[in-house]
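Below, each chain spelled out in residue letters.
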Amino acid sequence: MHRRYGVLVLLTAVLLAVTAYAGWMIFQPTPQLPFTVRWVDAQRARIEPIPGLTPPALHAGDVLDLAAQSPATRIALVASERTNLPSAASYPLLIQRGAAQLRVRVATVNGNRGALSNWAAWLWLYSLLLYAGIGLLALSRGHDRAAMGMAFWAIAQVPLSTASSGIRTSHDTGLVLLGLLGYVGFALLARIGFYVMVESIAGNALGPRRRLLWRGLFALVLGAATITGLGGPIAVVAVGWAGPLQVLHGLLPPASYLVPIALLFASYRHADAQQRLRLRWLLWGSIVFVMSLVFNDVPLPLSSFVRALLVGGLFTLAAFALLYAVLRHRVVDVSFVLNRGLVYAATTSLVLGLFALFESLIERSALGHGASLALEFAVPLALGAALSTVHRRIDAVVERFFFRRQYRAEAALRRFAEDCAYITQPGNLFALTVAEIVRHAGAPRVALYERTADAYGCIRQHGEPALPAQVALDDLACVKLRARNAELDLHDTRSALGDEGYAFPLMLRGSLLGALVVGQRPGEHYAADERELLFHVAHEVGTALFALRARESQAFVRALALGTLKPEDARAQAIQLDGTTLPA
């Protein structure tokens, strides 16, 4: 366990360092060629000018014969698609313009141009932080293959993005090849992790033969994408042949994600309503992620800024959708609780940050140094009042967006806790209690135990595996419930009730009338407010049960007084009533 945490700490430190380096490099000058190229065929590329950057010596439609270019130029043509070029470097070009051949030398230029490019850079940085967070969350708190697959896929996005934005490419062919191998390796890790995640989520919906067919199709597409991604640039640099770098080269990386997305869609069609709700966010997030790859890899008639903005925006939007699918709908098994306190603390921090930002902007741009003291006091007060309204609106949106189902479920359980005192039969009380908790708490297993003369008997239960029919009076879980009158985490207790879930006492006047046992939800722990509500329901059910048993005792005494009971029936009923009302 300690070794695992040590690895996680080391990995977290490396990811933070890589992300910080990428964030710093994103806002630095990004040397690149002053034009882009469109592959005409396997031997030629056409120059496409970049407005404001391309020198007058280059014209739209100029053609480059790849084999006639110098090795340094061919490296620059290939590397400029993925990484930055050396600063203040120049490259000789042999261009074909009509029937004439011209020699032109071009220098690298800064591709980061002003505030608009900074917006795209900020989006890219936010997405890196989100993917690093998703990966670390799935790696540290995940418990199944789906979580591990998501961790590898999300973490691989950080070095992939860093390689695209922060590495300075040299003219050395060996270093270029090493960087290319690293890029392809992380891309391969990301795609394999994504497929493992989707196949694990599909679960039993795949038979052995269908699983093998899906794996074969994925391996075929992945192999083609890897060969073209690695072999295409090598062929250009080595012999000036761009056969693999055609449109298919840009389509294969997104296509390698389409296979697991198709598998996800197939499992969505056969899933139940609850599972469909979980898969929907993952499916949409995956589609948005693939769209970002299409805009990034496929040559489309878009300016560099529009392309960067679209890629960064879609990349970030996909991260938000997948993070919501993990935290809220538990598409993978992670032991993490998204509760109100955590979300509201985040929204409060956001509002405080906005207040500080707006106050600083107003102070610098509007107030100046000659503003009166009253104005300096009035502006922050007015700003605070306005942001207070914004804060309330944000909290309302968060409540509806994140906790709508939880709010409704809690309200239903509280109403049942109030209404259960008016149930007239113990059997109905047990049945309704189990049914309401299964429905509104989402518990896969619920059981109710009641005290008898020599044990606690299971009166009603739902779910598998079945709990024991009887539990000893001095079972350790029962002893702790009597001693503490508080919720009990069965994971910390050696009991016949098992080691998963929680037990809640049906306690009244110091007597443990029984226990409510609630099984753990798959991949999701009960939040503190949920456990508090279940404890309240158990207490009210215990109070109602005590009242019903007291009413039965009263009816028994009345029947004895009236002489309407046979002696043998009276004895059996007396023993039963005595067992359910003994102090414990």
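Just so you know, these numbers come straight off a predicted model, no measurement behind them.

A. View of the overall build of the protein chain. Helix and strand counts for the protein chain come out as 16 helices and 13 strands. Among the 584 residues that make up the protein chain, the fraction classed as buried is 44%. Considering only contacts within the protein chain whose residues lie at least 6 apart along the sequence, 63% involve residues at least 24 apart. Accessible surface, the protein chain: about 29,400 Å² in total, of which carbon and sulfur atoms supply 64%.

B. Quick look at the environment of Leu181. Along the chain, the position of Leu181 falls in helix 5 (residues 173-202). Judged by its relative accessible area of 43%, Leu181 falls in the partly exposed class. For the pair Leu181 and Gly229, spaced 48 residues apart in sequence, the C-alpha separation works out to 9.5 Å.

C. Expanded view of the sheet that holds strand 10 (residues 470-472). The six strands lie next to each other as 10-9-8-13-12-11, forming an open sheet whose pairing is antiparallel. Every interior strand has two partners, whereas the edge strands, strand 10 and strand 11 (488-489), have only one. Bridge count between strand 8 (residues 446-451) and strand 9 (residues 455-462): six bridges; the pairing is antiparallel. Bridge pairing in strand 9 places Leu448 opposite Arg460. Helix 13 (residues 426-441) rests against strand 8, strand 9 and strand 13 (511-518) of the sheet, and its axis sits at about 55° to strand 9. Strands strand 9, strand 10, strand 11, strand 12 (502-508) and strand 13 of the sheet are contacted by helix 14 (residues 476-484), whose axis makes an angle of about 50° with strand 12.

D. A look at the sheet that holds strand 3 (residues 44-49). The sheet built from five strands is open, its strands ordered 2-3-4-5-6 with antiparallel pairing. The sheet terminates laterally at strand 2 (35-39) and strand 6 (100-107), the two strands that pair on one side only. Direction aside, the axes of adjacent strands within the sheet are offset by 40° on average. As defined by bridge partners, strand 4 (residues 63-65) adjoins strand 5 (residues 90-97) across two bridges and the pair is classed as antiparallel. Its bridge partner lying in strand 5, Leu64 is registered against Ile95. Taken strand by strand, helix 2 (residues 71-79) contacts strand 2, strand 4 and strand 5, and its axis lies near 85° from that of strand 5.

E. Looking closely at the pairing of strand 6. By the bridge criterion, eight bridges tie strand 5 to strand 6 in an arrangement that is antiparallel. Following the sheet pairing, Leu94 is matched in strand 6 by Arg103. Where strand 5 folds back onto strand 6 in an antiparallel hairpin, the turn is made up of two residues, including Gly98, whose phi is positive at roughly 65°.

F. Structural context of the nonpolar core. Counting 61 residues, the largest nonpolar core has Tyr131, Trp153, Met197, Tyr257, Leu282 and Phe289 as the members making the most contacts within it. Mapped by element, the contributors of at least two residues to this core are helix 1 (2-26), helix 3 (114-141), helix 4 (145-166), helix 5, helix 6 (208-239), helix 7 (247-269), helix 8 (273-297) and helix 9 (304-327). Here this core takes 11 residues from helix 3, the largest share from any one element. Membership of the second largest hydrophobic core comes to 29 residues, among which are Leu413, Val434, Ala443 and Leu513.

Parameters at a glance
- Residues numbered from 1 in each chain as written.
- Predicted model: local features only at pLDDT ≥ 70, side-chain atom pairs only at ≥ 80, totals over all residues.
- Heavy atoms only, no water.
- Helix = DSSP H or I, 4+ residues; strand = E, 2+ residues; numbered from the N terminus.
- Buried < 20%, exposed > 50% of the residue type's maximum accessible area, 1.4 Å probe, protein only.
- Contact = heavy atoms within 4.5 Å.
- Areas by Shrake-Rupley, 256 points an atom, 1.4 Å probe, with all protein chains shown as cover.
- Pairing = 2+ DSSP bridges.
- Axes fitted to C-alpha atoms, helices over the stretch in contact; angles between N-to-C directions.
- Core = buried A, V, L, I, M, F, W, Y, C linked by side-chain atoms within 4.5 Å.

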